[in-house]
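# Examination of the molecular architecture
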Amino acid sequence: MASLQKIKLAPSILSADFARLGEQVKEVTDAGADLIHVDIMDGHFVDGLTWGPKTIEDIKKWTHLPIEAHMMVDNPDKQIDAFVNAGTDIITIHYEACSSLINTIASVKNSGIKMSLAINPDTDFSNIEDYLHLLDQVLVMTVHPGLPGQKFLDTSPDKISSVRTSIKEKSLNTELEVDGGINAETIAKAAQSGASILVAGSAIYNHPDGIDNAMKSLRKKLKHSE
């Protein structure tokens, strides 16, 4: 398990009010978020369709936090430069979308930003384990990508634990991010399995008591699970 005191919360703006996107980014920043998670969907790799590089540019005016572009797109290599130039701090690319993984990793790292590699629920960690030493971050999807508000898959804790064990055995500093179905009921389970970054969307932006109380509730669940 990652140290609970060091676990980061990454609000996903996919669940935000798109008409108030900048303001909602500022709200989670003020509420103590650690980074901003931006889901980039092209309507091909996943059914959903969201934003482009200009969204990164625009929301940077509303936060001092690192911004992660989660690239749920086909042919991600063609878009790396545009998102780097827009000010992205971390680019997450799906293993399943890469035609040449080693070239994609090199392209992102040579741009000077952090390289993160995501795997879908049906993808075994063994497919990327040999590349772990080249990565700044691994993202384990705990739902099938593309739609917000899905349920955390029961098979996820074992997979998260396998990644954490490998990171520890290799003495790496690779971040382990978990994305999908994170809420007050699942956040402790994900943390105890080894996550160091937890992405939450609906649990933060759709909380009946507002964003600040949502963030406090998630932090409290983490503290009580120590």
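Scroll up for the structure.
Residues numbered from 1 in each chain as written. Predicted model: local features only at pLDDT ≥ 70, side-chain atom pairs only at ≥ 80, totals over all residues. Heavy atoms only, no water.

## What about the pattern of salt bridges?
For clarity, the cut-off: We define a salt bridge as a contact between a side-chain nitrogen of Lys or Arg and a carboxyl oxygen of Asp or Glu at a distance within 4 Å. Strands here are runs of E lasting at least two residues and helices are runs of H or I lasting at least four, both read from the DSSP assignment and numbered beginning at the N terminus. Residue exposure (1.4 Å probe, protein chains only): buried if accessible area is under 20% of the type maximum, exposed if over 50%, otherwise partly exposed.
Per the counting criterion, the structure on display carries ten salt bridges. A salt bridge links aspartate 89 to lysine 60; its shortest N-O distance comes to 3.8 Å. Of this pair, aspartate 89 sits in the loop between helix H3 (80-85) and strand E4 (90-94) while lysine 60 sits in the loop between helix H2 (53-59) and strand E3 (67-72), placing them 29 residues apart in sequence. Using a relative accessible area of 33% as the deciding quantity, one classes lysine 60 as partly exposed. Each of Arg20, Glu23 and Glu27 takes part in a single network of salt bridges with overlapping partners.

## Looking at the pairing of strand E7 (residues 175-179)
Put simply, the rule reads: By this definition, two strands are paired if DSSP reports at least two bridges between them. By convention, a crossover is right-handed whenever its connection, traced from the first strand over the helix to the second and viewed with the strands pointing away, goes clockwise.
With four of its five residues buried, E7 lies for the most part within the structure. In the sheet, strand E6 (residues 137-141) pairs with E7 via five bridges, with the strands oriented parallel. When the sheet's bridge partners are listed, glutamine 137 is paired in E7 with glutamate 175. The parallel pair E6 and E7 is bridged by helix H5 (residues 156-169), and the resulting crossover is right-handed. In the sheet, E7 pairs with strand E8 (residues 197-200) via three bridges, with the strands oriented parallel. From the neighbouring strand, glutamate 177 faces E8, where its bridge partner is isoleucine 197. Considered for its hand, the β-α-β crossover made up of E7, helix H6 (residues 187-193) and E8 is right-handed.

## Some thoughts on unusual backbone geometry
Its identity is not glycine, yet asparagine 75 carries a phi of approximately 50°, on the positive side. With respect to the secondary-structure elements, asparagine 75 resides in the loop between E3 and H3. A relative accessible area of 46% places asparagine 75 in the partly exposed class. Positioned with a positive phi, serine 171 is a non-glycine residue whose angle comes to about 55°. Structurally, serine 171 is set in the loop between H5 and E7.

## A few points about the sheet that holds E8
By definition, the strands of a sheet pair up through backbone hydrogen bonds, in either a parallel or an antiparallel sense. Filter applied, for reference: Whenever a helix is involved, its axis is fitted only over the stretch in contact; in every case the axis is a line through C-alpha atoms, and angles between N-to-C directions fall within 0 to 180 degrees. It only takes one pair of heavy atoms within 4.5 Å for two residues to be counted as in contact.
As summarised here, the arrangement of the eight strands in space is E1-E8-E7-E6-E5-E4-E3-E2, forming an open sheet in which the pairing is parallel. The outermost strands of the open sheet, each flanked by one partner alone, are strand E1 (8-11) and strand E2 (36-41). Across this sheet, the average inter-strand angle for adjacent strands is 25°, counted without regard to direction. Each of E4 and strand E5 (114-119) is contacted by helix H4 (residues 101-110), which is oriented at about 145° to E5, the strand it contacts most.

## Quick look at the nonpolar core
What counts, and what does not: Buried residues of nine kinds, namely Ala, Val, Leu, Ile, Met, Phe, Trp, Tyr and Cys, make up a nonpolar core once their side-chain atoms join them within 4.5 Å.
Formed by 60 residues in total, the largest nonpolar core has its most connected members in Ile13, Ile36, Val38, Ile91 and Leu198. Contacts of isoleucine 13, omitting those with residues within four sequence positions, involve Phe18, Leu21, Val25, Ile36, His37, Val38, Trp51, Ile59 and Tyr205. Within the second largest apolar cluster, six residues are counted, among which are Leu14, Met41, Phe45 and Met72.

## A look at the environment of lysine 61
Tracing the sequence through the fold places lysine 61 in the loop between H2 and E3. In this structure the C-alpha to C-alpha distance between lysine 61 and serine 161, which are 100 residues apart in sequence, comes to 37 Å.

## A short note on the side chain of asparagine 120
Along the polypeptide, asparagine 120 turns up in the loop between E5 and E6. With relative accessibility at 13%, the residue asparagine 120 sits in the buried group. What asparagine 120 contacts, discounting residues up to four positions off in sequence, is Phe45, His94, Glu96, Met141, Pro145 and Lys159.

## A closer look at H5
Heads up, the rule is: Multiplying 1.5 Å by the helix residue count minus one yields the expected span of that helix.
With 14 residues, H5 should cover 20 Å at 1.5 Å per step; its first-to-last C-alpha distance of 20 Å lies within 8% of that length. Within H5, burial applies to Ser156, Pro157, Lys159, Ile160, Val163, Arg164, Ser166 and Ile167. The secondary structure elements touched by the buried residues of H5 are E5, E6, E7 and H6. Immediately downstream of H5, the backbone of serine 171 shows phi near 55°, a positive value.

## Here we look at helix H1 (residues 21-30)
Condition: Starting at the helix axis, one direction is taken to each C-beta atom, and the arc is that of these directions.
The set of residues buried in H1 consists of Leu21, Gly22, Gln24, Val25, Val28 and Thr29. One side of H1 carries all its buried residues, which in axial view fall inside an arc of 165°. On the buried face of H1, the contacting elements are E1, E2, H2, helix H7 (202-205) and helix H8 (211-224). One or two positions beyond H1, positive phi appears at glycine 32, with a value near 100°.

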